[in-house]
Every structure is written in structure tokens, then in C-alpha cells.
Amino acid sequence: MHPVSGSDQALVAGIRTAYAHGADGWAAGPATVYRRLAEALIATAGQPLAGWRVLDLGTGTGVACEALSRAAAHPVGLDLAVEMLAHRRAQRPPGVAGDARALPFRDHVFDAVVAAFCLNHVPDLGLALAECRRVTRSGGLLLASSFPADADHPAKAAVEAVLTEYGYQRPDWYATFKERVAKLTGDPDTFARTASAAGLTDVHVDLLEADAGLDDPHLAVEWRLNMPHTLGFLTTLAPTTRAELRARAIAALPPDLPSVVPTLALRARIV
Ligand SMILES: C[S@@+](CC[C@H](N)C(=O)[O-])C[C@H]1O[C@@H](n2cnc3c(N)ncnc32)[C@H](O)[C@@H]1O
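Anyway, here's the lowdown on the structure attached to this text.

Cut-offs and rules
- Residues numbered from 1 in each chain as written.
- Predicted model: local features only at pLDDT ≥ 70, side-chain atom pairs only at ≥ 80, totals over all residues.
- Heavy atoms only, no water.
- Pairing = 2+ DSSP bridges.
- Helix = DSSP H or I, 4+ residues; strand = E, 2+ residues; numbered from the N terminus.
- Axes fitted to C-alpha atoms, helices over the stretch in contact; angles between N-to-C directions.
- Contact = heavy atoms within 4.5 Å.
- Salt bridge = Lys/Arg side-chain N within 4 Å of Asp/Glu carboxyl O.
- Buried < 20%, exposed > 50% of the residue type's maximum accessible area, 1.4 Å probe, protein only.
- Right-handed = clockwise from strand over helix to strand, strands pointing away.

Here we come to the sheet that holds strand E5 (residues 136–146). Strand order in the open sheet formed by seven strands is E3-E2-E1-E4-E5-E7-E6, and the pairing between neighbours is mixed. The two strands at the open ends of the sheet, each matched to only one other strand, are strand E3 (95–97) and strand E6 (201–208). The sheet shows a mean angle of 15 degrees between the axes of neighbouring strands, taken without regard to direction. Pairing geometry for strand E4 (residues 110–116) and E5, over six bridges, is parallel. Note that in E5 the partner of Phe110 across the bridge is Thr136. On top of the sheet, helix H6 (residues 125–134) reaches strand E1 (53–57), E4 and E5; it is set at about 140 degrees to E5, its chief contact.

In C-alpha cells, the structure reads:
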């Protein structure tokens, strides 16, 4: 058994709690953006996934499952936060609560794993990648996305500056996550090297520039306000203050927002 440190456990607990309170917010804002990014990730498979049994790792409110179902695959969602799985439960494929570092599945039961912006949350990246490999059959695929460490979108700083004027401070878990964990998958070489070291083969990490619709100022603001690290603060404000903050955030955006947010897509084969 791989040792897991106490600080890792504290970070994972912080992430779980933030997402547990964030399901409705995620569905109201970020999911619209992430739906398009999940489509772009799944398109990197380069082959039909029809009939494939696919694990959607860190499924959240299920945007990758939706794309997989449209591709006639048979997805199963897994998430650390049962509340994310509970969102619109009746309309979704099967879902299981669990941790990417210790998947509750037997060996080789999936044809592929899709991890849309999940591995960038996991402190022990090598362990999670080894688990993806273990649960996938020989000849199967891993598709995993993350954000490049230097990726930016002007809405991020603009909305955070307005939040800060209202008293927002980054939660501790988010600062640790940004400084220590997201960097592992944010660097294409580290991401690819860690995947190879976990026994994955034919590993490629590509920069994707998918249209996420972020040239719409309302979507750009809802994307930032409803992230799990900001939503907790937002819900402490009175409805009138929240409405005022939203209006000020829209006014603070620069003109000509890019619709694209760059992402990294790892594609690897399981032997
Ligand atoms: C950025 S959201 C992405 C959700 C969804 N894949 C999407 O694209 O909309 C990350 C998701 O990964 C889940 N997650 C974070 N750490 C995890 C872990 N160690 N094991 C399983 N899920 C995890 C979170 O609860 C959250 O739902």
C-alpha cells in the first residue's frame, strides 16, 4: 500500500468538502464551460468509443458522461463528493463515490478511463495514474485533461479582484492545491513522465484550444463565481450584495474576452 501523508489527506478532505457544497453552483456556471472541454477531450480518442465501458473519473455533475453517452459508450461516473453524483441523479448513468487514489473496481473492468480535470486535484498523481491503468483492460485508453500552469483567461483576475473587494480570501485548500498539486499536471513533461512511470504507454500530452464560450461575459462571470473555491464565500453574502457583486464583475471584464481557455490533454494506451 502506498503511504498517503496527513497533509495530503487534509487537502483531499478540503477538496471534497468544497465540491460537496458546490454541485448546484457547478451546474449553474462552470459545467457549461467544462461540457465543451469534455467534448474536446473525448474527441482526442481518435477512434470510436461506441459500446465501450468507460470510467468517468471525477465525474462532477456528469458532463463527460453526457459526451460519452452521445458517443454510444457506456459510462460509469466516480467522484470524491457524493453530492456531485447526486445532482440530477435520476437522469444520469451509474455513479460511485470513491477516491482516484484507491478505485473501488476490480482489475481491467473498463475499456477506457476519461478523467476530465480530475487528476489535477489529486496529490499523489502517480498513484491515481496507476489506478487508472489497473482498472483498464489491455489495449484500452486513458484520456485526461488539466490546465497548463501558465494558462490564463482575463476573467479570472478581473472577477477575483471584485470578490476581494467584498472580502473574499482564497481558502487554504485552494492555495495548497494551486501551489503543490495542480502544477504536476500543469507541466506537460511532468504529466507525461508520471504517466509513463505508472506503466502507461504511447503517452502524448497535447495543448487543446477548444472554444469554451467564454467570450460571453455572463458565462465568464458565472464560471468564476461558481467555482468551489469562490462559491462558499459568495453564499455568505446577502442576495442583494450578491447581485451587486455580479453586476460589478461583469463591468470589470475587459472587452473582447477570448472564448478559448487552453487545456492539456493526455492520451495514453494501456498494455
Ligand atoms: C474540476 S471538477 C470536474 C468535474 C467534471 N469532470 C467536469 O468536467 O465538469 C473536479 C471533480 O473531481 C472530483 N475529485 C477531486 N479529487 C478527486 C479524487 N481524489 N478522486 C475522485 N474525484 C475527485 C471533484 O469532487 C470534482 O467533482
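A complete count under the given rule lists eleven salt bridges for this structure. One salt bridge connects Asp107 with Arg134, and the closest N-O pair in it is separated by 2.8 Å. Placement of Asp107 in the loop between E3 and E4 and of Arg134 in helix H6 is noted, with a sequence separation of 27 residues between them. In this structure, the salt-bridge partner of Glu160 is Arg170, at a minimum N-O distance of 2.9 Å. Residue Glu160 is located in helix H7 (residues 154–165), and its partner Arg170 is located in the loop between H7 and helix H8 (172–186); the two are separated by ten residues in the primary sequence. By relative accessible area, which is 40% here, Arg170 ends up partly exposed. In this structure, a network of salt bridges that share partners links the residues Asp107, Glu131 and Arg134.

On to the pairing of strand E2 (residues 74–79), then. In terms of burial, E2 is largely enclosed, as five of its six residues are buried. As paired strands, E1 and E2 are joined by five bridges and run parallel to one another. The partner of Leu57 across the bridge, within E2, is Leu78. The parallel pair E1 and E2 is bridged by helix H4 (residues 63–70), and the resulting crossover is right-handed.

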